[in-house]
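Here are the chains, one letter per residue:
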Amino acid sequence: MARAPKVFTWSDGFHRYTVAATSRAKALAAWETDRDLFKEGVAAEAPDSPDAKAALAAPGAVIRRAEGGLTAAVDKLPKPKPKKTDVAAEAKRKQALAEAEAALEAAETEQRDAEADLEQRRRALEEEALTLERSWTARRAKLTKTVEGLRSR
């Protein structure tokens, strides 16, 4: 007389594998593993497993069910608590933000004015340098002409 099959199950964290077999060795063979999952404590006999009826209906066939995974792990995380808004603190923060934005705008305007003033002074210096260069060129030409005239006598 054949022995009645027992239900064995193990999980890799993503799927649960259930099989009905007459022995642990036959369950390991059905799972196609070289490791002794029972010795490692990963596999166990589970007669009341959710897939026990399906496994007993088809002994030797592996029933594979999606389990856990990243979605389940994320779902188990505690939900973030909504922040309590303190009306006075929020008004104070908004006031500080408005003051900081006004200070930034004032600083930007001041910087633009300073850059415009610097550009104006730079142009004035360039004009002065050009005038000085022209004056020097004319003066040098006049003096060179005088020196050459005196040398030729």
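Another point: the side chain of Asp51. Take Asp51: it is sitting in the loop between strand E3 (44-45) and helix H2 (52-57). Its relative accessible area of 7% is what places Asp51 among the buried residues. Discounting chain neighbours no more than four positions away, the residues touching Asp51 are Thr18, Ile63 and Arg65.

Counting buried residues in strand E2 (residues 15-21) gives six out of seven residues, a clear majority hidden from the surface. Examined bridge by bridge, strand E1 (residues 6-11) and E2 share six bridges and lie antiparallel to one another. Opposite Phe8, over in E2, you have Val19 as the bridge partner. Taking the residues between adjacent antiparallel strands as the criterion, E1 and E2 are bridged by three residues, where Gly13 takes a positive phi near 100°. Sheet analysis places E2 next to strand E4 (residues 63-66), joined by four bridges and oriented antiparallel. Bridge pairing in E4 places Thr18 opposite Ile63.

Turning our attention to unusual backbone geometry. Its identity as a non-glycine residue notwithstanding, Glu32 has a phi of 55°, on the positive side. The exposure class assigned to Glu32 is exposed, which follows from its relative accessible area of 73%.

The subject of this paragraph is the pattern of salt bridges. Should the charged atoms of two oppositely charged side chains come close, the side chains can pair. Counting across every chain of the model gives eight salt bridges. Between Arg93 and Glu90 there is a salt bridge whose closest N-O contact spans 2.7 Å. In this pair, Arg93 and Glu90 are both assigned in helix H4 (residues 87-151), three residues apart and thus about one turn of the helix distant. Under the relative-accessibility criterion, Arg93 is labelled partly exposed at 44%. Residue classification places Glu90 among the partly exposed residues on the basis of a relative accessible area of 30%. Several salt bridges share partner residues, and in doing so they unite Glu119, Arg122, Arg123 and Glu126 into one network.

For the rest of this paragraph, the subject is the sheet that holds E1. In a beta sheet, neighbouring strands are held together by backbone hydrogen bonds and run either parallel or antiparallel to one another. Reading across the sheet, the four strands line up as E3-E1-E2-E4 and stay open at both edges, with antiparallel pairing between neighbours. The sheet is open, and its two borders are formed by E3 and E4, each paired with just one other strand. Here two bridges tie E1 to E3, and the two strands are oriented antiparallel to one another. Bridged to Phe8 within E3 is Glu45.

Tracing the chain through its elements places Ser11 in strand E1. The class of Ser11 is buried, set by a relative accessible area of 18%. One polar contact links the side chain of Ser11 to the main-chain carbonyl oxygen of His15, over a distance of 3.1 Å. Setting aside its immediate chain neighbours within four residues, Ser11 contacts Arg16, Val42 and Glu67.

Rules used in this analysis
Residues numbered from 1 in each chain as written. Predicted model: local features only at pLDDT ≥ 70, side-chain atom pairs only at ≥ 80, totals over all residues. Heavy atoms only, no water. Helix = DSSP H or I, 4+ residues; strand = E, 2+ residues; numbered from the N terminus. Buried < 20%, exposed > 50% of the residue type's maximum accessible area, 1.4 Å probe, protein only. Contact = heavy atoms within 4.5 Å. Pairing = 2+ DSSP bridges. Salt bridge = Lys/Arg side-chain N within 4 Å of Asp/Glu carboxyl O. Polar contact = N/O pair within 3.5 Å; in protein donor to acceptor, adjacent residues only side chain to side chain.

Treat this as a map of the structure, not an account of what it does.
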